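One letter stands for each residue in the lines below.
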Amino acid sequence: MKSYEVNFDGLVGPTHNYGGLSYGNVASQSNSQQCSNPKEAALQGLAKMKALMDMGFQQGVLAPQERPDVAALRRLGFAGSDAQVIQQAAKEAMPLLVASCSASSMWVANAATVSPSADTADGRVHFTAANLNCKYHRSIEHPTTSRVLGAMFANQQHFAHHAALPAVAQFGDEGAANHTRFCRAYGEAGVEFFVFGRSAFDSRFPSPQKYPARQTLEASRAVARLHGLSEEGVVYAQQNPAVIDQGVFHNDVIAVGNGEVLFYHEDAFLETEKMLAELSDKLAKVGGKFQSVCVPRSAVTVDDAVRSYLFNSQLLSRADGSMLLIVPEECRGNERVWQYLQGLTSSGGVIREVKVFDLKQSMQNGGGPACLRLRVALNETELAAVNPGVIMTAPLYDSLTQWVETHYRDRMTENDLADPQLLLECRSALDELTQILKLGSVYPFQIN
Ligand code: SUG
């Protein structure tokens, strides 16, 4: 049976703004309070989806969330009508209003961890929504994420959904941003690779000194248990705490893997040799031949990687077995990175081509091509069981582009977030979107 890697990209929500909310994410901090352009952000994301679809890749779309999250503000004690809640929060606690307005759900690599059916004990595709509990503005995403994923992958014969892990720091879980799967073919058993930043219960593992490690070993192990993965099909590795302190807040900022290939920076991990050997052995047991492509620090520094987002690229398999790297424009803007990429693609190795995308609106908040997509490996039968409304097609692309043009503003500052009219605009846009994507009622304003 045929099998595919389907990339579901997050559609940027109408409140996209630069809130400076993510300590440890250099771009988010350095662009704090800049004026954003939600319309441009959404169109840049859609252009990437369309381009990948046109290249023959399977592409889907994941809906944004209801923002401002008035219910979240009510839980923090703001009361009255929805407009009063927003106005009171703007007056008394602007940072909380900004957090409740974040369009951060666009970075769907953090929405969930997904294990394909070939790896799981019950032969279903398993999803665990990420609790994202390291940052308040992201911790409020998972209930809606679960409902949206439930509406996209509704068929219980093929899809199993798990609620987010307990919302405490010990089980900090950031989803697929710290998870990669290696396999010979998408429909065959593979090796799931979980990268953690710290251990909550075992002090033998070092922790970063400056910035938070968002993913814990205990969270990764819990997800592997929930998904029914076998010991033989899993490898755990610790991210180098020193790079977290340089702004590598997720593994997908310093490494990317697909098929049998891991593309990573020399400084990405601790005990790299041991980890590579384990990946190679375990992949060999399921018939695969592991290949690693290490980028030396002499060619690209960690700082270059953080600024250019070289590793937050999409590594895609082409029909001839070679691979294509989808990188952000910022890679072309960095001389060392661009030079490295020229050498890489002309060296006769597995990565043969690089395609560049302008995702500046998202990049300025620390979200590159890989952050914007959630990968779901599916066989033909499972793909046919996905809600067809969320699979990208040329007509869907046209409808979504039109929808963005109609509903989105082209500038957004803190003052705009305090405008109660924005809530009404967002709700009417999202109401229409659920019809376009055939999701049913998934947003709080639709169900309460
Ligand atoms: O969680 N930025 C996101 C970026 C997530 C990127 N995802 C991956 N690497 N997979 C984050 O830090 C910034 C929001 C703001 O400051 O307005 C933000 O949430």
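Structure's up top.
Predicted, not measured: the structure shown is a model, and the values here were computed from it. (Residues numbered from 1 in each chain as written. Predicted model: local features only at pLDDT ≥ 70, side-chain atom pairs only at ≥ 80, totals over all residues. Heavy atoms only, no water.)

Novice: How should I be thinking about the pattern of salt bridges in this particular structure?
Specialist: Pairing is possible between side chains of opposite charge, provided their charged atoms come close. Considering all chains together, one arrives at 26 salt bridges under this definition. Put simply, Glu-174 and Arg-214 hold a salt bridge, and the shortest N to O gap is 3.3 Å. Here Glu-174 is found in the loop between β5 (159-162) and β6 (179-182), whereas its partner Arg-214 is found in the loop between β7 (191-196) and α8 (217-226), with 40 residues between them in sequence. Residue Arg-204 pairs with Asp-202 through a salt bridge whose shortest N-O separation is 2.6 Å. (Salt bridge = Lys/Arg side-chain N within 4 Å of Asp/Glu carboxyl O. Helix = DSSP H or I, 4+ residues; strand = E, 2+ residues; numbered from the N terminus.)

Novice: Please explain the nonpolar core as it appears in this structure.
Specialist: Most often, soluble globular proteins have nonpolar side chains that are buried together. Ranked by internal contacts, the top residues of the largest apolar core, which has 84 residues, are Phe-8, Phe-193, Leu-262, Phe-269 and Leu-400. If you tally residues by element for this core, the top one is helix α2 (residues 38-54), at 6 residues. Among residues more than four places away in sequence, those in contact with Leu-400 are Leu-11, Leu-46, Val-61, Met-392, Leu-433, Ile-436 and Leu-437. Counting residues in each nonpolar core, the second largest holds 21 residues, with Phe-263, Tyr-340, Leu-344 and Val-354 among its members. (Core = buried A, V, L, I, M, F, W, Y, C linked by side-chain atoms within 4.5 Å. Buried < 20%, exposed > 50% of the residue type's maximum accessible area, 1.4 Å probe, protein only. Contact = heavy atoms within 4.5 Å.)

Novice: Explain the sheet that holds strand β10 (residues 261-265) to me, please; I cannot follow it from the model alone.
Specialist: Pairing between the strands of a sheet comes from backbone hydrogen bonds, and it takes one of two forms, parallel or antiparallel. Pairing is mixed across the open sheet formed by 3 strands, whose spatial order is β9-β10-β11. A strand with exactly one partner marks an edge of an open sheet, and here the two such strands are β9 (255-258) and β11 (291-295). Going from strand to strand, the sheet's axes swing by 10 degrees on average, the running direction of each strand aside. Across the sheet, helix α10 (residues 272-285) is in contact with β10 and β11; its angle to β10 comes to roughly 170 degrees. Across the sheet, helix α13 (residues 335-346) lies against β10 and β11, angled at about 150 degrees from β11, the strand it touches most. (Pairing = 2+ DSSP bridges. Axes fitted to C-alpha atoms, helices over the stretch in contact; angles between N-to-C directions.)

Novice: I'm lost on the environment of Gln-156 in this one. Help?
Specialist: Along the polypeptide, Gln-156 turns up in the loop between α7 (142-152) and β5. Overall, Gln-156 belongs to the exposed group, its relative accessible area being 65%. The spacing of Gln-156 and Ala-385 is 229 residues in sequence and 9.7 Å in space, taken between C-alpha atoms.

Novice: Can you help me understand the site of the ligand in this one?
Specialist: Surveying the vicinity of the ligand reveals 23 residues, the closest of which are Gly-19, Leu-21, Ser-22, His-137 and Asp-252. Within the backbone of Asn-365, a nitrogen or oxygen atom sits 3.1 Å from a nitrogen atom of the ligand. Look at the ligand: alone it shows 490 Å² of surface, and the protein chains cover 100% of it. When each cavity is represented as a set of grid points, the ligand is found to reside in the second largest cavity. Along the lines of polarity and charge, the residues of the shell around the ligand split into 7 nonpolar, 13 polar and 3 charged. (Near = heavy atom within 4 Å. Polar contact = N/O pair within 3.5 Å; in protein donor to acceptor, adjacent residues only side chain to side chain. Areas by Shrake-Rupley, 256 points an atom, 1.4 Å probe, with all protein chains shown as cover. 1 Å grid on protein atoms, 1.4 Å probe; cavity = no way out; pocket = protein on both sides within 12 Å on 5 of 7 lines; lining within 4 Å. Sits in = over half its atoms within 2 Å of the grid points. Nonpolar A, V, L, I, M, F, W, Y, C, P; charged D, E, K, R; others polar.)

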